[in-house]
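Results of the structural survey
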Amino acid sequence: MSDRHDDKSLPAKEAVYIPETINEAMQHLRQNRDTTIWAGGTHAMTRPSREGRVMSVHAVHELRRVIRREDHLEIGASVPLARLRLLGERFLPEVLRQALDEVGPPPLQNTATIGGLLAVPETILPTALVLRLLAARVEARRTEGTRWIALAGEQRALASEIRRGELITRVRVPSRRWTHWISHSFGRPYPRDGDSLTVAAMLAVDKETISEVRMAAVYASRYLVRTRELEAELVGKRHPLQSRDAAMVEQQLGAHATLQTEFSELARHRTVHGIISFLQQR
Amino acid sequence: MTIQAQVDGVTITRDLPPEASVMEFVGDGRDQPCADGRCLRCLVLLGDRVVHACRVPAYRAHNGNVTTAAALDSRPEYRDILRAFRRVGLGTCAEAHPYLVFLAIHHLSEGSSPGTGETGLLSRHINDRCSNRTDFERALRIAAGMRRRRTHERPARR
Ligand SMILES: Cc1cc2nc3c(=O)[nH]c(=O)nc-3n(C[C@H](O)[C@H](O)[C@H](O)COP(=O)(O)OP(=O)(O)OC[C@H]3O[C@@H](n4cnc5c(N)ncnc54)[C@H](O)[C@@H]3O)c2cc1C
Ligand code: FES
């Protein structure tokens, strides 16, 4: 994507700070503790509660790179979703590509970034759910140091884990192959006030036997359901799933506390039956 | 903050807060963006990319070029799209025409191959009363074909 229109020398007192390197960004954060970080701005610009000065990281070179390693893909936080989708035809896990296809009206993807998508406050968007299932990890930097956050380890939206003044720099996505996958949303996951539901799952099948499965659902872009015990129990079962095993999935998934208390009846039904029919499909 | 950019070839300078949008910068006469960012009536070209003017901060346009619907007819690189629309009879009402043309520009600029599901991803965002998905998808295929022929027929200039 061309950035010819971006210029960091905005001629104003209250200019937005637009760093071009991570070093510049970190130095700015060190000197201005109350900085608010924006990337594409598609979500952030609509929030009137901005504090301090804005630093827009959309033009930071290092954050716009995608690097393919042997066993994972490293995606800079400021990579626009449109660019990621284009790369996706060859390099992204198909389930991630499927989730990206669904994000907003397509032109939005020219400016919305992967880092921004993960950091929308109090919200787990469909693509973020898929990244969790893929066991993606997020690098966050602050002036004191760097840490990696395992998305799968978080029950809540990533934004609640990111501290003020902490910059998301990279997302690392393992490039394991899955034989079957699904990512499907009902309703609109954004803005987060509705009744939307996203169900995502992936499966590795070897000689008609399940060797690995991951599955989860998010209701109202907020309530996350994932049961690892059930995932573990499904390993070794025949694929497509037999009716006896499907009954076990229905019982265990249906008993999940969040599903029972937070999901609407329709969302509960769609989650359980969506996952079962995924597991029973050839 | 002071933002300066070319809008349809005319230099505009405005003082705006950081959260102001390209839509406010362009001042296209609409008071408010739609509530959910899905009406698509604010689409513009920022440089060579189609963007939601209501969801891009105005500072991104600083020292750049914005092309609005008003100037699209004068851009020769989009004539394939306009011709394809006419052939199919698409976007004849004033409401539909500009955003459909921008969606088509987005599609062709992505270099995607029509028919691979990409057209469907786009056409499901059609939200006016005088267009339909089938015609839009057909127009995209025609425009892509025209563009392919044109670029193959003419040797690239060095
Ligand atoms: C009309 C519309 C429809 C949408 N539909 C969908 C949909 O169908 N599916 C879906 O998944 N999403 C959808 N979205 C949400 C969209 O994915 C997000 O708005 C977008 O990805 C946010 O990216 P951004 O770069 O614009 O982030 P910004 O708006 O710039 O920032 C979002 C948040 O992330 C923080 N942030 C950004 N970058 C960093 C960083 N590097 N380090 C630390 N914090 C950071 C900001 O402080 C802010 O809190 C939709 C949005 C709109 C406007
Ligand atoms: S004004 Fe509706 S999408 Fe921008």
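Residues numbered from 1 in each chain as written. Chains lettered and ligands numbered in written order. Predicted model: local features only at pLDDT ≥ 70, side-chain atom pairs only at ≥ 80, totals over all residues. Heavy atoms only, no water.

Some remarks on the overall build of chain A
Regarding its fold elements, chain A presents 9 helices and 11 strands. Its C-alpha atoms give chain A a radius of gyration of 20 Å, near enough to 19 Å, the size a compact globule of 282 residues would have. Put simply, chain A has 282 residues, and 54% of those count as buried. For chain A, the proportion of contacts with a sequence separation of at least 24, taken over those separated by at least 6, is 60%. (Helix = DSSP H or I, 4+ residues; strand = E, 2+ residues; numbered from the N terminus. Rg over C-alpha atoms; globule rule 2.2 N^0.38 Å. Buried < 20%, exposed > 50% of the residue type's maximum accessible area, 1.4 Å probe, protein only. Contact = heavy atoms within 4.5 Å.)

A short note on a positive patch on the surface
Residue and element names in this part refer to chain B. A contiguous patch of positive charge on the surface is contributed by Arg-79, Arg-83, Arg-86, Arg-87, Arg-138, Arg-141, Arg-148 and Arg-149. Elements supplying a minimum of two residues to the positive patch: helix H2 (79-88) and helix H5 (133-153). The class of Arg-149 is partly exposed, set by a relative accessible area of 48%. (Patch = residues over 30% accessible without salt bridge, like charges linked within 9 Å, V, L, I, M, F, W, Y side chains within 5 Å. Areas by Shrake-Rupley, 256 points an atom, 1.4 Å probe, with all protein chains shown as cover. Salt bridge = Lys/Arg side-chain N within 4 Å of Asp/Glu carboxyl O. Lys, Arg positive; Asp, Glu negative; His and termini not counted. Charge placed at Lys NZ, Arg CZ, Asp CG, Glu CD.)

A closer look at helix H9 (residues 265-280) of chain A
All names here are of chain A. Over its 16 residues, H9 runs 22 Å from end to end, which matches the ideal 22 Å to within 8%, given 1.5 Å per residue. Within H9, burial applies to Ala-267, Thr-271, Val-272, Ile-275, Ile-276, Phe-278 and Leu-279. All buried residues of H9 fall inside an arc of 165° around its axis, so they share one side. Each element contacted by the buried residues of H9 is listed here: strand S8 (180-186), strand S9 (197-206), strand S10 (209-219), helix H6 (228-234), helix H7 (243-254) and helix H8 (257-261). (Expected span 1.5 Å × (residues − 1). Arc of directions from axis to C-beta.)

What about the pairing of strand S6 (residues 145-150) of chain A?
All names here are of chain A. As paired strands, strand S5 (residues 137-142) and S6 are joined by 6 bridges and run antiparallel to one another. Looking at the pairing, Arg-142 lines up with Gly-145 of S6. The turn joining S5 and S6, which pair antiparallel and follow one another in sequence, is formed by 2 residues. (Pairing = 2+ DSSP bridges.)

Points about the pairing of strand S4 (residues 49-52) of chain B
All names here are of chain B. Residues Arg-49 and Val-51 point to one face of S4 and Val-50 and His-52 to the other, with burial holding for every one of them. One ladder, built from 4 bridges, connects strand S3 (residues 43-46) with S4; its direction is antiparallel. Across the sheet, the residue bridging to Leu-45 is Val-50, located in S4.

Concerning the interface of chain A and chain B
Between chain A and chain B, the residue contacts involve 42 residues of the former and 36 residues of the latter. A combined buried area of about 3400 Å² lies between chain A and chain B, and 56% of that area is made up of carbon and sulfur atoms. The interface formed by chain A and chain B includes 4 salt bridges. The partner of Glu118(B) in a salt bridge is Arg97(A), with the nearest N and O atoms 3.5 Å apart. Residue assignment for the side of chain A that touches chain B shows that the elements contributing at least two residues are strand S2 (54-56), helix H2 (81-88) and helix H3 (94-101) of chain A. (Buried area = accessible area lost by both parts, 1.4 Å probe.)

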